[in-house]
Amino acid sequence: MQEHLTTVRDQYLRAQVLGDRRAALQIVREALAQGHSVRTVRQHVVQSAQREIGKLWQANRLSIAHEHMATAISQMALAHLFEEAPVPRSRGRKIVVACVEGERHELPARLVADYLESEGYIVRFLSADVPTETLCAALVEEAPDLLALSVTMSFNITGLRAAVAAVHERFPGLKILAGGLALTWAPDLAAQLGIVTTGGTPEEVVAKIEELLPEEHKP
C-alpha cells in the first residue's frame, strides 16, 4: 500500500512540475477510486509532494514561478478532496487557523484546517498573511476554543511574536498552537512565547489538540 502511494505521489509531483492541472487532479481522483481515503491521499500524496516541491525550490531546481504553479495545483487538489471527504460527527469545538502577518505560504495551514475539519472540529480558516489587528478582530467575532498559527519562513517569526503578544494581552485564556517550518529553526521559541507546538502529521496535530481541549471539557 505504502509503495503504491509513493508511486502515486511521484506521478502527482511530476504533474505539478509540468504544471498539468488536469493530470494532477485525475491522479487524485484515481487514488480515491482505488480505495484510498481522503485523509491518506491528502497526507501521503498532496502533502508529501508539496514537501518535495519545497526541497526542489530550496535547491534552486525550481523557480519561484514554478513553485507557485505547483502550489496552485495542490490548492485545487485539496479543494477536490475537501468536497469528497465524509462529514464527521461534530466535536462542538471551534478552532481558528491562520498564517501570521507576512506569511504567504498558506498551504501548510490549509492542510491543518482540512485535517481538523475532517476530525469534527469547527474550523475558521483565515488563510495567508493575516494582520495582527485583523486576527484579533476575527477572534472577537468567532470566540474560538483554540487558535492555530502557521509560520513557514524564518523572517516571519516577528509576525508570530506580534500575534502571540496581542492575543495573550486581549484573550488571556485562549490556547495557542503554532506550527510551521520556521519553528524547527527556533526550537526554544515556543517556550519563550508561552505557546504549544506540534509535529506536522495529522495524528500529531489532532493528538495535541485533544490534549489541549480534553474530552471532559467538550459539551
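A brief look at the structure comes next. (Residues numbered from 1 in each chain as written. Predicted model: local features only at pLDDT ≥ 70, side-chain atom pairs only at ≥ 80, totals over all residues. Heavy atoms only, no water.)

**A few points about the overall build of the protein chain**
Then step 1. Helices and strands together make up the secondary structure of the protein chain, namely 10 helices and five strands.
Then step 2. Taken over C-alpha atoms, the radius of gyration comes to 17 Å for the protein chain, in line with the 17 Å a tight globule of 219 residues would show.
Then step 3. Referenced to the eigenvectors of the C-alpha coordinate spread, the extents of the protein chain come out at roughly 50 × 40 × 30 Å.
Then step 4. Long-range contacts, defined here as pairs at least 24 residues apart, represent 78% of the contacts in the protein chain between residues at least 6 apart.
Then step 5. Carbon and sulfur atoms form 52% of the exposed surface of the protein chain, whose accessible area is close to 11,000 Å². (Helix = DSSP H or I, 4+ residues; strand = E, 2+ residues; numbered from the N terminus. Rg over C-alpha atoms; globule rule 2.2 N^0.38 Å. Contact = heavy atoms within 4.5 Å. Areas by Shrake-Rupley, 256 points an atom, 1.4 Å probe, with all protein chains shown as cover.)

**Brief notes about the sheet that holds strand β1 (residues 94-99)**
Then step 1. In space, the five strands of this open sheet follow the order β2-β1-β3-β4-β5, with parallel pairing throughout. With partners counted over all chains shown, the strands left at the sheet margins are β2 (122-125) and β5 (196-197), one partner each.
Then step 2. Of the strand pairs in this sheet, strand β4 (residues 175-179) and β5 are connected by two bridges, and their pairing is parallel. Each residue of the ladder has a partner; that of L177, found in β5, is V196.
Then step 3. Those strands touched by helix α6 (residues 132-142) are β1, β2 and β3 (146-150), and its axis lies near 165° from that of β1. (Pairing = 2+ DSSP bridges. Axes fitted to C-alpha atoms, helices over the stretch in contact; angles between N-to-C directions.)

**Here's the deal with the environment of V167**
Then step 1. Residue placement: V167 occurs in helix α7 (residues 157-170).
Then step 2. By relative accessible area, which is 0% here, V167 ends up buried.
Then step 3. What V167 contacts, discounting residues up to four positions off in sequence, is L135, L139, L147, P172, L174 and I176. (Buried < 20%, exposed > 50% of the residue type's maximum accessible area, 1.4 Å probe, protein only.)

**Details of the nonpolar core**
Then step 1. With 27 residues, the main nonpolar core has Y12, V28, V41, V45, V46, L78 and L81 as its most contacted residues.
Then step 2. Looking at this core, the elements that each hand over two or more residues are α1 (2-18), α2 (21-33), α3 (38-58), α4 (64-84) and α5 (107-118).
Then step 3. If one sorts the elements of this core by residue count, α3 sits on top with seven residues.
Then step 4. Among all residues touching V41, those that are not within four sequence positions of it are V28, A31, L32, H36, V46 and L81.
Then step 5. If you look at the next biggest cluster of nonpolar residues, it comprises 26 residues, including L139, L149, F171 and A178. (Core = buried A, V, L, I, M, F, W, Y, C linked by side-chain atoms within 4.5 Å.)

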